[in-house]
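# An overview of the molecular structure
Read off the chains here:
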Amino acid sequence: HADVNTPDTSNSGNMHGMPLGLLMKLVDPTTLHGCAWINGIPTLKPEQVAYVGLRDLDDGERVVLRQMQEKGMFVSTMQHVDAHGIGGVMELALESLGRHGPRPLHLSYDIDAL
């Protein structure tokens, strides 16, 4: 899950599908109850994000991800991983993130499993 929805792109309206959309300020956070504090933190830029092995995307997320790719976001799906291997995709993701020099890296897993 990309979790890059906004209230306008979300099918469900659930906030748990919007954290990246809010941190990237794809919607004004002050318009959403309890999210005004986000306005006071730096905006996450597309070139600071890399998705590896995405699946189960909402239609709205697909549109947002295409737009963000044009602005420098690295986006790969499970089809990319199947075709190029996890090592190859990770190399591309790290290369994309490293274009602006060394920097801290936050890794987040969204694993829905039993």
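In short, a report on the structure. The written sequence of each chain sets the order in which its residues are numbered from 1. Note on the predicted model: pLDDT of at least 70 is required for a residue's local features to be given, and 80 or more for side-chain atom pairs to be given and counted; whole-chain, interface and lining totals, by contrast, use all residues. Only hydrogens and water are set aside; all other atoms, that is, all heavy atoms of the structure, feed into the side-chain values.

### Remarks on the overall build of the protein chain
Think of it this way: any DSSP run of H or I at least four residues long counts as a helix, any run of E at least two long counts as a strand, and we number them from the N terminus. Looking only at helices and strands, the protein chain features three helices and two strands. Across the protein chain, helices and strands are ordered from the amino to the carboxyl terminus as α-β-α-β-α. Using C-alpha atoms as the atom set, the radius of gyration is obtained and then compared with a globule rule of 2.2 Å times the number of residues to the power 0.38. The C-alpha radius of gyration computed for the protein chain amounts to 14 Å, which stays within 12% of the reference 13 Å derived for 114 residues, consistent with globular compactness. Across its three principal axes, the protein chain shows a C-alpha extent of roughly 40 × 35 × 30 Å. Whether a residue is buried, partly exposed or exposed follows from its accessible area with a 1.4 Å probe, protein chains only, as a fraction of its type maximum: under 20%, in between, or over 50%, in that order. For the protein chain, buried positions account for 34% of its 114 residues. Counted over contacts in the protein chain with a minimum sequence separation of 6, partners at least 24 positions apart contribute 46%. To measure how exposed things are, a 1.4 Å probe is used in the Shrake-Rupley method; for residues, cover is taken only from the protein chains shown. Summed over its atoms, the accessible surface of the protein chain is roughly 7500 Å², and 55% of this surface lies on carbon and sulfur atoms. Should any heavy atoms of two residues lie within 4.5 Å, those residues are counted as being in contact.

### Re the environment of Pro7
Along the chain, Pro7 falls in the segment before α1 (19-23). According to the relative accessible area criterion, Pro7 is partly exposed, its value standing at 36%. Spatially, the C-alpha atoms of Pro7 and Ser76 are 24 Å apart, while their sequence positions differ by 69 residues. Setting aside residues up to four positions removed in sequence, Pro7 forms contacts with Met18, Val27 and Leu32.

### A short note on the layout of surface pockets
In this analysis, the protein atoms alone were mapped onto a 1 Å grid. Cavities are point sets where a 1.4 Å probe fits without being able to get out; pockets are open sets with protein on both sides within 12 Å along at least five of seven lines; lining residues have an atom within 4 Å of a point. Grid points are joined across faces, edges and corners, and a volume is the space filled by probe spheres set on the points. Here the largest pocket defines a volume of roughly 1100 Å³. Lining the largest pocket are 31 residues, and of these Ala50, Tyr51, Leu107, Ser108 and Tyr109 sit closest to its centre. Only α1, β1 (50-54) and α3 (78-97) provide two or more residues apiece to the lining of the largest pocket. The element that contributes the greatest number of residues to the lining of the largest pocket is α3, accounting for seven residues. Side-chain classes are defined by residue name, with Ala, Val, Leu, Ile, Met, Phe, Trp, Tyr, Cys and Pro counting as nonpolar, Asp, Glu, Lys and Arg as charged, and the others, Gly among them, as polar. For the lining of the largest pocket, the residue count by class is 20 nonpolar, five polar and six charged. The volume enclosed by the second largest pocket comes to roughly 180 Å³. Lining the second largest pocket are 13 residues, and of these His1, Asp3, His16, Gly17 and Asp58 lie nearest its centre. Split by residue class, the lining of the second largest pocket holds one nonpolar, seven polar and five charged.

### Examining the nonpolar core
Side-chain atoms within 4.5 Å link the members of a nonpolar core, which is a set of buried Ala, Val, Leu, Ile, Met, Phe, Trp, Tyr and Cys residues. Counting residues in hydrophobic clusters, the biggest one holds 13 residues, and the most contacted among them are Ala2, Val4, Tyr51, Leu54, Leu65, Met73 and Val75. With three residues, helix α2 (residues 59-70) is the single largest residue contributor to this core. Contacts of Met73, omitting those with residues within four sequence positions, involve Met24, Pro46, Glu47, Val49, Tyr51, Leu65 and Met68. With six residues, the next largest nonpolar core counts Val27, Leu32, Cys35 and Ile38 among its residues.

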